[in-house]
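So you can see what is in the structure, the chains are spelled out below.
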Amino acid sequence: MISGWVDRLRGVSVRTRIMVALIALSGLTLAIAGTANYLVQLGDLHAQIDDSLRREVREFRALAETGLNPETGEAFTSAAELTYLAIQRSSLEENEGVLVLEDGAVRWSAPAPVPVRLETDTELVRQLLARPESGRVELTTLRTPTASYRTALVPVQLADDRTPARMVLAFDLNQELNELHRNIGIWAAAGTIALIISAAISFGLLKTLLRPLRALRRTAAAIGADDLDERLTIDGNDDLADLSETFNSMLDRLQDALASQRQLLRDVGHELRTPVAILQGHLELQDAEDPDDVRQTQALALDELARMTMLIDDLSTLASADRNDFVQPKPTDVGALMLDVLDKASALGDRQWSLAGADTVKASIDPHRVTQALLQLCQNAVKFSAPGSAIVIGSDVTTEPAADGTRHRTLRLWVRDAGIGIDEEDIAAIFDRFSRGRNGSRAEGSGLGLTIVRAICEGHGGRISVASTRNTGSVFTLELPI
């Protein structure tokens, strides 16, 4: 119910909606507590009234059972005498009255100082006279236009007196409830004042607590596609501070992604510009009447288009590297995998292919992606090595102690060649997109091969490293956790 009211306030600020929710919840709590308190006190009041009436009935019975008038020492001769003495000796409560009925009329009423005059309520007297005799004490509630009464009807009959009487003890419930209602009213007024004070204090506290959200809104409004430098100031270590930190981290990722996207667009534009320029130049200069020139231009165009197709395929592979299903590990026999890679790699070029340290361990890896990475490394080894030189692929498992006392096992896969090597200053950049070493050729490959290898390795939670010596060769190693 409260949530429905709050939903209707979607056009107002969060602080106002929280305040409405807090006030509504606090008011509901006060209402429930007040109602419970009222019902408990009302029950106690009725119980106290009934207890008081029973006590007075017991006192009257004790007087009647003696049979003697304590003032004269003589026996009671009539019900009227007994009831008159009982009325005079009774200690009535503040809102209690008494009267005695006899022969269809009021015989005795309460002494003059008693404020509750039952005999003046004619409707009450009529109901009492019309009520049949039951011969026993009755506790009942009677209502008239003037008031409601909780009554004790006590029949009085002496053996030597043929005229019975009925003594009526009654509490004015309206007067009793007025005091209870006054107490509840005071409690309600105090609760309302406390609710107003709490609301005022909460309004100020919410303004302070929600300051990070306002800063978040201002920062989000100030951020544009060309400006992601804005950051939130983190103050404290509560949930809002965590939200601010998460928002800042999101902006960092967005900024990195945007910078990477821009760099990718620049790189792709640069890489595609060369084959497009080559195609355009040759097509403009070709002699359509010369069959040899047309065939040469066609062969060159097909070659450049093939390189562009390879670039697009590699870009598609990298685009999927951020997906959760880019790498799909499953239990794999590493030894069988390496034999398969060796068989496929031997067709890449005239080299002395060999397999070293093929481990028979079972590992949870993606065999297709790992094969793709190893073949890419083998293809690079063929590019940068002479025909007939040695290329070795291999695997092993290393075990190292972890901080928690367990043993950490790592699967190492490598490709070693005897090629031209990589300059030391180029090693740090060769895994970046479209990066080539100084010994690389622009015409060979898309420049994304090693970037894809690194993405596959990182998709397995591992890393790639390279050791190279100029004019001696290079070793590329994949380290994948088992």
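For the structure, see preceding data.
A. Geometry of a nonpolar patch on the surface. A surface patch of nonpolar side chains, about 490 Å² in accessible area, is lined by Ile193, Ile197, Ile201, Leu205 and Leu209. Within the secondary structure layout, Leu205 lies in helix α5 (residues 173-209). Residue classification places Leu205 among the partly exposed residues on the basis of a relative accessible area of 48%.

B. Molecular detail of the packing of aromatic side chains. Under the definition given, this model contains one aromatic pair. Pairing Tyr84 with Trp108 gives two aromatic rings, centres 4.7 Å apart and planes at 55 degrees, and the pair type is tilted. Placement of Tyr84 in helix α3 (residues 79-89) and of Trp108 in strand β2 (residues 105-109) is noted, with a sequence separation of 24 residues between them. Residue class for Trp108 comes out partly exposed when judged on its relative accessible area of 24%.

C. Geometry of the packing of helix α9 (residues 334-345) against helix α10 (residues 367-383). Across the interface, α9 lies against α10 with an axial gap of 10 Å and an inter-helix angle of 40 degrees. Between α9 and α10, the crossing angle belongs to the class labelled oblique. Judged by the twist between their axes, the crossing of α9 over α10 is right-handed. Every residue of α10 that contacts α9 at Leu337, Met338, Val341, Lys344 and Ala345 is listed here: Pro367, Val370, Thr371, Leu374, Leu375 and Cys378. Here the contact of α9 with α10 is built from residues that sort into nine nonpolar, one polar and one charged.

D. Representation of the environment of Lys362 in the model. With respect to the secondary-structure elements, Lys362 resides in strand β8 (residues 362-365). In this structure Lys362 comes out as exposed when scored by relative accessible area, which is 57%. If we ignore the near neighbours within four places in the chain, the residues touching Lys362 are Thr332, Asp333 and Ile482.

E. Up close: the sheet that holds strand β4 (residues 148-156). Strand order in the open sheet made by the five strands is β2-β1-β5-β4-β3, with antiparallel pairing throughout. Here the strands that pair on one side only, and so sit at the sheet edges, are β2 and β3 (138-143). This sheet shows a mean twist of 30 degrees between the axes of neighbouring strands, independent of strand direction. Summarising the sheet, strand β1 (residues 96-102) and β2 pair through four bridges and their orientation is antiparallel. Its bridge partner lying in β2, Glu102 is registered against Ala105. Contacts from helix α4 (residues 122-130) reach β1, β2, β3, β4 and β5 (165-172), with the element oriented near 140 degrees to β3.

F. Summary view of helix α12 (residues 449-459). Taken across its eleven residues, α12 has eight buried, putting it largely inside the fold. Considered for burial, the residues of α12 that qualify are Gly449, Leu450, Thr451, Ile452, Val453, Ala455, Ile456 and Cys457. Of the residues one or two after α12, Gly461 is the one with positive phi, at around 80 degrees.

G. Local environment of unusual backbone geometry. Unlike most non-glycine residues, Asp103 shows phi in positive territory, near 55 degrees. Structurally, Asp103 can be placed in the loop between β1 and β2. A relative accessible area of 66% means that Asp103 is categorised as exposed.

H. Examining the pairing of β4 more closely. Among the nine residues in β4, eight count as buried, and that is most of the element. Direction of pairing for β3 relative to β4: antiparallel, over a ladder of six bridges. Note on β4: the bridge partner recorded for Leu142 is Tyr149. As consecutive antiparallel partners, β3 and β4 are separated by four residues. Of the strand pairs in this sheet, β4 and β5 are connected by eight bridges, and their pairing is antiparallel. Considered in β5, the bridge of Tyr149 is made with Asp172.

I. Expanded view of the nonpolar core. If you look at the biggest cluster of nonpolar residues, it comprises 38 residues, and the most contacted ones within it are Leu374, Leu413, Val415, Phe476 and Leu478. The residues contacting Leu374, other than those within four sequence positions of it, are Met338, Val341, Leu413, Val415 and Leu478. Of all hydrophobic cores here, the second largest spans 26 residues; its members include Leu63, Leu82, Ala110 and Leu173.

Analysis parameters
Residues numbered from 1 in each chain as written. Predicted model: local features only at pLDDT ≥ 70, side-chain atom pairs only at ≥ 80, totals over all residues. Heavy atoms only, no water. Patch = residues over 30% accessible without salt bridge, like charges linked within 9 Å, V, L, I, M, F, W, Y side chains within 5 Å. Areas by Shrake-Rupley, 256 points an atom, 1.4 Å probe, with all protein chains shown as cover. Salt bridge = Lys/Arg side-chain N within 4 Å of Asp/Glu carboxyl O. Helix = DSSP H or I, 4+ residues; strand = E, 2+ residues; numbered from the N terminus. Buried < 20%, exposed > 50% of the residue type's maximum accessible area, 1.4 Å probe, protein only. Phe/Tyr/Trp six-rings, centres within 6.5 Å; stacked < 30°, edge-to-face > 60°. Axes fitted to C-alpha atoms, helices over the stretch in contact; angles between N-to-C directions. Parallel < 35°, antiparallel > 145°, perpendicular 65-115°, else oblique. Left-handed = near helix turned anticlockwise from the far one by under 90°. Contact = heavy atoms within 4.5 Å. Nonpolar A, V, L, I, M, F, W, Y, C, P; charged D, E, K, R; others polar. Pairing = 2+ DSSP bridges. Core = buried A, V, L, I, M, F, W, Y, C linked by side-chain atoms within 4.5 Å.

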